[in-house]
Amino acid sequence: MTTITLDRYADVRDAFRQHDLRQDMYDAGGLVMADCLLVLHGAEHRVRRRVENRLFRRGTFRHWEHSFLRDVVRDTLVPFVAAGRGDLVEIGYRTVMNLTAMVAGVDRPTGSDAEMIAATDELYRFAKKFSEGATLVHTTRDPREVQAEVQAALDEFDATFLQPSIARRQALLARFDAGEITEDELPRDVLTALLRHRDELGVDDDVIRRECAFYLQAGSHSTANAFTHAAHDYFTWSADRDASTDPALLQRCVYESLRLHPASPVAQRRALAPIRLRGGTEIAEGTVVVMDLAGANRDAAVFDRPLEYDPLREVPDDVPRWGHAFGGGMHACIGTELAGGVPGPSTGTAGEGEQVLGTVTLMLGALLAAGGHPDPDGPAERDPHSAREHFGRYPVAFPTS
Ligand code: HEM
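Residues numbered from 1 in each chain as written. Predicted model: local features only at pLDDT ≥ 70, side-chain atom pairs only at ≥ 80, totals over all residues. Heavy atoms only, no water.

For the structure on display, the rule yields 35 salt bridges. We note a salt bridge from Asp 24 to Arg 270, for which the minimum N-O separation is 3.5 Å. Highlighted residues: Asp 24 in the loop between strand S2 (21–23) and helix H2 (30–33) and Arg 270 in strand S4 (residues 266–271), separated in sequence by 246 residues. Two residues, Arg 175 and Glu 180, come together in a salt bridge whose shortest N-O distance is 3.3 Å. Classification of Arg 175 by relative accessible area gives partly exposed; the value is 39%. Given the relative accessible area of 52%, Glu 180 is considered exposed. When salt bridges with common partners are traced through the structure, they connect Lys 129, Glu 132, Arg 141, Glu 145 and Glu 149 into a single cluster. (Salt bridge = Lys/Arg side-chain N within 4 Å of Asp/Glu carboxyl O. Helix = DSSP H or I, 4+ residues; strand = E, 2+ residues; numbered from the N terminus. Buried < 20%, exposed > 50% of the residue type's maximum accessible area, 1.4 Å probe, protein only.)

A few words on the coordination of the iron atom of the ligand. From the protein, the iron atom of the ligand takes a single donor atom, Cys 333 (SG), 2.3 Å away. Note on placement: Cys 333 falls in the loop between helix H12 (293–296) and helix H13 (336–340). (Donors = N, O, S within 2.8 Å, 3.2 Å for Na, K, Ca; no water.)

This part takes up the sheet that holds strand S11 (residues 395–397). Within the open sheet, the three strands sit side by side as S3-S11-S8. Their pairing is antiparallel. Looking along the sheet, the strands with just one partner apiece sit at the ends: strand S3 (85–87) and strand S8 (373–374). Two strands pair when backbone bridges link them, and S3 and S11 are joined in this way by three bridges, in the antiparallel orientation. Each bridged residue has a counterpart across the sheet, and for Gly 86 the counterpart in S11 is Val 396. Relative to the sheet, helix H5 (residues 88–104) contacts S3 and S11, its axis offset from that of S3 by approximately 75°. (Pairing = 2+ DSSP bridges. Contact = heavy atoms within 4.5 Å. Axes fitted to C-alpha atoms, helices over the stretch in contact; angles between N-to-C directions.)

Right, let's get into the layout of surface pockets. Volume-wise, the largest pocket comes out at about 760 Å³. As for the largest pocket, its lining consists of 27 residues, and the residues nearest its centre are Val 72, Asn 98, Leu 99, Arg 108 and Met 116. Those elements that place two or more of their residues in the lining of the largest pocket are helix H4 (60–83), H5, helix H6 (113–134) and helix H7 (143–177). Ranked by the residues each element gives to the lining of the largest pocket, the list is headed by H4, at eight residues. For the lining of the largest pocket, a count of residues per class yields 13 nonpolar, five polar and nine charged. (1 Å grid on protein atoms, 1.4 Å probe; cavity = no way out; pocket = protein on both sides within 12 Å on 5 of 7 lines; lining within 4 Å. Points joined across faces, edges and corners; volume = space filled by probe spheres on them. Nonpolar A, V, L, I, M, F, W, Y, C, P; charged D, E, K, R; others polar.)

Here H6 crosses H7 at 145°, and the two axes come no closer than 9 Å. Read as a crossing pair, H6 and H7 show a hand that is left-handed. Within the contact between the two elements, H6 uses Ala 119, Glu 122, Leu 123, Arg 125, Phe 126, Lys 129, Phe 130, Glu 132 and Gly 133 and H7 uses Val 146, Glu 149, Val 150, Ala 153, Leu 154, Glu 156, Phe 157, Thr 160 and Phe 161. Residues belonging to the contact of H6 with H7 are distributed by class as follows: ten nonpolar, two polar and six charged. (Left-handed = near helix turned anticlockwise from the far one by under 90°.)

A few words on the site of the ligand. Around the ligand, 29 residues are found, and the nearest of them are His 45, Arg 49, Arg 269, His 331 and Cys 333. Here an oxygen atom of the ligand sits 2.7 Å away from a polar atom, N or O, in the side chain of Arg 269. Here an oxygen atom of the ligand sits 2.6 Å away from a polar atom, N or O, in the side chain of His 331. Judged by the fraction of its atoms near the pocket grid, the ligand is located in the largest cavity. Going through the elements one at a time, helix H3 (42–53), H5, helix H10 (205–238), S4 and H13 are the ones with two or more residues in the shell around the ligand. When residues of the shell around the ligand are assigned to their parent elements, the largest contribution, six residues, is made by H10. When grouped by side-chain class, the residues that make up the shell around the ligand number 18 nonpolar, nine polar and two charged. (Near = heavy atom within 4 Å. Polar contact = N/O pair within 3.5 Å; in protein donor to acceptor, adjacent residues only side chain to side chain. Sits in = over half its atoms within 2 Å of the grid points.)

A separate point is the packing of aromatic side chains. Under the counting rule described, the total for this entry stands at 18 aromatic pairs. Aromatic pair Trp 237 and Tyr 309: ring centres 6.1 Å apart, planes at 75°, arrangement edge-to-face. Of this pair, Trp 237 sits in helix H10 while Tyr 309 is found in the loop between H12 and H13, placing the two residues 72 residues apart along the sequence. Tyr 309 carries the same exposure label as Trp 237, and that label is buried. An angle of 80° between the planes, with centres 5.1 Å apart, marks the rings of Phe 391 and Tyr 394 as edge-to-face. Over the face of the ring belonging to Phe 126 we find Arg 125, whose NZ or CZ atom lies 5.0 Å from the ring centre. Sitting above the plane of the Phe 303 ring, Arg 259 keeps its charged end 4.9 Å from the centroid. (Phe/Tyr/Trp six-rings, centres within 6.5 Å; stacked < 30°, edge-to-face > 60°. Lys NZ or Arg CZ within 6 Å of the ring centre and 35° of its normal.)

If a probe the size of a water molecule is rolled over the atoms, the empty space left behind becomes visible. Evaluation of the coordinates by the stated rule reveals four cavities of 30 Å³ or more. Each pocket or cavity is described by its volume, and for the largest cavity that value is around 930 Å³. If you trace the largest cavity, you find 49 residues lining it, with Leu 38, Ala 218, Ser 222, Ser 264 and Cys 333 closest to the centre. Listed by contribution, the elements that provide at least two residues to the lining of the largest cavity are H3, H5, H6, H10, S4, H13 and helix H14 (359–369). Ranked by the residues each element gives to the lining of the largest cavity, the list is headed by H10, at nine residues. Per-class residue counts for the lining of the largest cavity are 29 nonpolar, 17 polar and three charged.

Structure (structure tokens):
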């Protein structure tokens, strides 16, 4: 089997747009990923994406950001700030867990604050396990051991969270069909969309379970990692300059971190037919195409001084500041706007109320506003169980009064 690696920015962009390149990254992670949006191709992908896209319409996240996202971010920080310390990896997951559960349609039992936090931590544990299962191809552990743990987590997740969430939505859909409630009263989430369109989509209970598990981990893992990298890069960059915490600047900082440390450093496809890229690269049918997103995001033909972290850099008009961090083409990240917001015109020129900053920028802003800084007593460490360059722990301290 031939493998070709693309690491030039333009080649990766062109490859993302090729309809004859099929997702090839998640075969090993089939336990969580089989038949999920990210692995579907052609008409099947188009139909599923159209149904799920409706939840991600432009404007939805502007509304979310201004109505409750800031509160979610701030409230999650409160116990850590009160304790005077925390871990960015945990803070990141706690914050995004509730958000991605909401998008996926996974209800948390309501109750006391302690019960809510316990449920969030449970989801965090599941999401980490699902993520380990999805990226099995990168594991440094015994794959069979990981698979057994993933299966156990899927079963537990199903019984504890998913079945009650399905029952609640089926009751609402029955009332909607009977004309007792309007469409606006149905939850706007992936699970409701799948249950409502299950015949059209041809999805069974197992696929629905995997799609919800996939959303839970895809949204949380990438966002939490982006947050930790963004904080680390900002701490390093601001250590020897008088850096502002203007939200528009922080958003650029987040984009620059995403460029340098994309949550998925590579994407992988397989050629269903012979392909010739615009740059002249010939790809024979059956070839595995590795798209080196991290490498392409450091292409000197596009990014001046590519290895340097410079949130104020100039980029060509047709290149997003995050490069290929959110992918492109048919599988382009559906959560781009939720996680990354909409790029502002330039630092300091957009009023705070106008710009959609995105979850990661909101999280970074809240962390800095609370005085969060690297904990001098506990150094950050990379995750020893992943070949990806994620942090396994990142202790931070908060000023205590
Ligand atoms: C900083 C945060 C994020 C990053 C860096 C990121 C990155 C990516 C990338 C690179 C892909 C394409 C992978 C490929 O082509 O093989 C992707 C796809 C996807 N992402 Fe994200 N993502 C982020 C946040 C989110 C969030 C918050 C959600 C949802 C709540 C989400 C849901 C998805 C879904 C459903 C797909 C598959 C789309 C499709 O196949 O049509 N992501 N993401």
